[in-house]
Structures are given as C-alpha cells and as structure tokens.
Amino acid sequence: MYHLKNNLAILAVIFIVFGTLWIFKSQISVMIFHPPYTQCSDAHMFQKIPLYEMKYPIGQSEVRQPQVLVQGRTDVLTVSPWLAPIIWEGTFDPKVIDSMYQPLNITVATTVFAVGNYIQLLPQFLESAEKHYMLGYRVHYYVFTDQMDKVPQVALASGRSLTVLPVPRFNRWQEISLRRMEFIRKAIKDHIHPQTHFIFCTDVDMVFENRFGAEAFGELVAAIHPWYYDAGRNQFPYERRIASQAYVPPGEGDFYYGGALYGGHVDVVYRLTSTCEEQLNIDKQNSIEAAWQEESHLNRYFIQNKPTKLLSPEYLWDKVKNLPSQLRVLRFATVIKNNKKLRPN
C-alpha cells in the first residue's frame, strides 16, 4: 500500500510538470504568432505589422534569386554587431520590399518643424517628398510652425494629407531643438491617428532626392550621421559633462546618429520622445544644456536602446561634404543654405 501511494504521488508530480510545460509552450506560441499590438502609457493604441500576414504578390521569376555564397556589399558594414541591418543601395530589392508592405495599407506619420525663417524651406521639402518619399503608401505630414498662415499649398497625391500644428515663437534656434521631443510626444498622444503604423521625424532643411521607401521601416530606426560615419567613438560629439542626463563616458558608443532623421513604430517612438523629454527637463532644472540639444539625448537613448534598423548616410547626407565612393545614391540630403539668415541667433 505504501509503494502504491508513492507511485501515485510520483505520477501526479509528473502529470503536473508536463501539464505546466504544455501550457507554457502554448503561451510561447501565442506570444510569437499573435500580432504584437502595444499600448502607450496614455492608453493610445497604434498599429503594428503582423509579419505572418505579409504577402508576396510578385512572381518569383520577377525577382533575382538571392545567392548565399555570392557576396553583396563588401565596401561597407551592412549589419551592426547586434544584428540590426544597415540599409545601403545594393542591400535590398525595392520590388520585394514593396510587394511585402504595400498590400498592408500602411500609414506613415512624418513630422517636420518649420519655425521662424525656416518656413521658407518647407515648400521644397514637401515637393521633394511627394516625388520620392514613401510612394505607394499613405503619408500624413505633421508640420509644426509658428507661422500657420505661411504654410504653402503643395499638391499632395491621393492618400497623403497634411496637418499644421502650432508651436511658440522662440528667440533662440536651440529652444525649438530642446522642445521638439515634447512637441512630437504630444502630437503622438493628441493628434496622430491610432491606425498609424510608423512615424519618421525629420528636419525641414533637407530634400528627398531618390527613393526613400519601406526599406526604412523598423521598430526603432536611427540614421548614421554623415559627419561621423567614418570616425572613432572618441571623436563623436557626445555630451561629456557628467552632470548632464545625456552624458556619454569615453569608450562608450556604437555609431553617432543624426537628430535630423529617426523613427520607427509609433508607440516605440512615443517611448523614445517621452524618455528624452524627461531627461531634457532634468537638465533644464539643473541649468544644463547638452552640447547638441535633443541630438545629444537621442544618442544617449540609442546607446541604451539599440536601434533595430540603421539607415546609412545615403538617408542623411550633408552636401557640404564631398561624396565618397561608398555612397552610390543620395536619398535625403541637406539644402545649401545661409544659417545666419535663417537663425535668430
């Protein structure tokens, strides 16, 4: 009788263990295959793309077969040490990318600040975007300006729209830079539609020159700065004062990222802007202004929260620089301008 009770107890334990493992396995399956919709802290729901619903309508005969043993770009880094792809010309097939994403009816929010004299740069930004930016996708531009009556009437393609959001007038150009994270966060919370999938935050003193499309989609997207893509980390213009929340000690850092372009899933960018806004406010309370305002805090954030996709300098170039051989195409680049005439200080 004693042995029978022991055997029954052992069987019960085995049943419980295997039952628990089965339940856990089922939960893992749900976590992996269920669409990863996520809420912001303000209970604002935004769309994400369930990858298993992607379709590939183009015929395989139209697509060049990838070859495992054939090398692609060997003159540039195409994958980061944490396995985030770095997007260059020659690393993706536009037909394949668009066949995956266009059937999903994706909406892309795009923010741009046109404050003070920078309002005069807005027409060419929008006109160039209509020629090259996210063609075939729904795009909603959000223009932040202190001169709402001067926003130009630019012809927008079907499925593309523009909303103007007011911001205060500032006496220093640094002030708008310091407040951008705040304004973008509030726009995501109060204005950007819950069905929006991705958001990209841009500068107005730029123009689109070639395709800038769905190859840029990612959970958290950063653009490598054109002035530091070939520099060592100790040459990066990080904030070096330990009292600042943007402080980066010597020996840390991966790439230096530009503040003129970043993006990703809307809820992920919401977290980014919320965190950077908090850090900027702490600095303000301590009478500290980081070396490059929000760009310094953005770089601090990306050290702690690795981007899932990196855009090469093709997507963020300064035309003051000579074009290196590695850049086969320019997609998004600065306009030649007189900063003294544009900036109030």
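Residues numbered from 1 in each chain as written. Predicted model: local features only at pLDDT ≥ 70, side-chain atom pairs only at ≥ 80, totals over all residues. Heavy atoms only, no water.

### Section: empty space enclosed by the protein
Turning to step 1, where the next piece is worked out: Summed over the entire model, instances satisfying the criterion amount to one cavity of 30 Å³ or more.
Turning to step 2, where the next piece is worked out: Of the volumes computed, that of the largest cavity is approximately 40 Å³.
Turning to step 3, where the next piece is worked out: In terms of lining, the largest cavity is formed by T111, F113, R180, I184, C201, T202, D203, G259 and Y262.
Turning to step 4, where the next piece is worked out: Listed by contribution, the elements that provide at least two residues to the lining of the largest cavity are β4 (107-113), α4 (173-190), β7 (198-203) and β10 (257-265).
Turning to step 5, where the next piece is worked out: At three residues, β7 tops the list of elements feeding residues into the lining of the largest cavity.
Turning to step 6, where the next piece is worked out: In terms of residue class, the lining of the largest cavity is made up of four nonpolar, three polar and two charged. (1 Å grid on protein atoms, 1.4 Å probe; cavity = no way out; pocket = protein on both sides within 12 Å on 5 of 7 lines; lining within 4 Å. Points joined across faces, edges and corners; volume = space filled by probe spheres on them. Helix = DSSP H or I, 4+ residues; strand = E, 2+ residues; numbered from the N terminus. Nonpolar A, V, L, I, M, F, W, Y, C, P; charged D, E, K, R; others polar.)

### Side note on the pattern of salt bridges
Turning to step 1, where the next piece is worked out: A complete count under the given rule lists 17 salt bridges for this structure.
Turning to step 2, where the next piece is worked out: We note a salt bridge from R179 to E182, for which the minimum N-O separation is 2.5 Å. Taken as a pair, R179 and E182 lie in helix α4 at a separation of three residues, close to a single helical turn.
Turning to step 3, where the next piece is worked out: Residue class for E182 comes out buried when judged on its relative accessible area of 13%.
Turning to step 4, where the next piece is worked out: The partner of E182 in a salt bridge is K186, and the shortest N-O contact between them spans 2.9 Å. Remark: K186 and E182 occur in helix α4; sequence separation between them is four residues, near one turn of the helix.
Turning to step 5, where the next piece is worked out: A relative accessible area of 36% places K186 in the partly exposed class.
Turning to step 6, where the next piece is worked out: Several salt bridges converge on common partners, so that one network encompasses E89, E314 and R331. (Salt bridge = Lys/Arg side-chain N within 4 Å of Asp/Glu carboxyl O. Buried < 20%, exposed > 50% of the residue type's maximum accessible area, 1.4 Å probe, protein only.)

### Here we look at unusual backbone geometry
Turning to step 1, where the next piece is worked out: Within the chain, N105 stands out as a residue other than glycine whose phi angle is a positive 55°.
Turning to step 2, where the next piece is worked out: On the secondary structure map, N105 appears in the loop between α2 (94-101) and β4.
Turning to step 3, where the next piece is worked out: What makes N105 partly exposed here is its relative accessible area of 49%.
Turning to step 4, where the next piece is worked out: Positive phi values are uncommon outside glycine, yet S287 reaches one of about 55°.
Turning to step 5, where the next piece is worked out: If you trace the backbone, S287 turns up in the loop between α5 (266-285) and α6 (293-304).

Read these as spatial facts, not as claims about activity.
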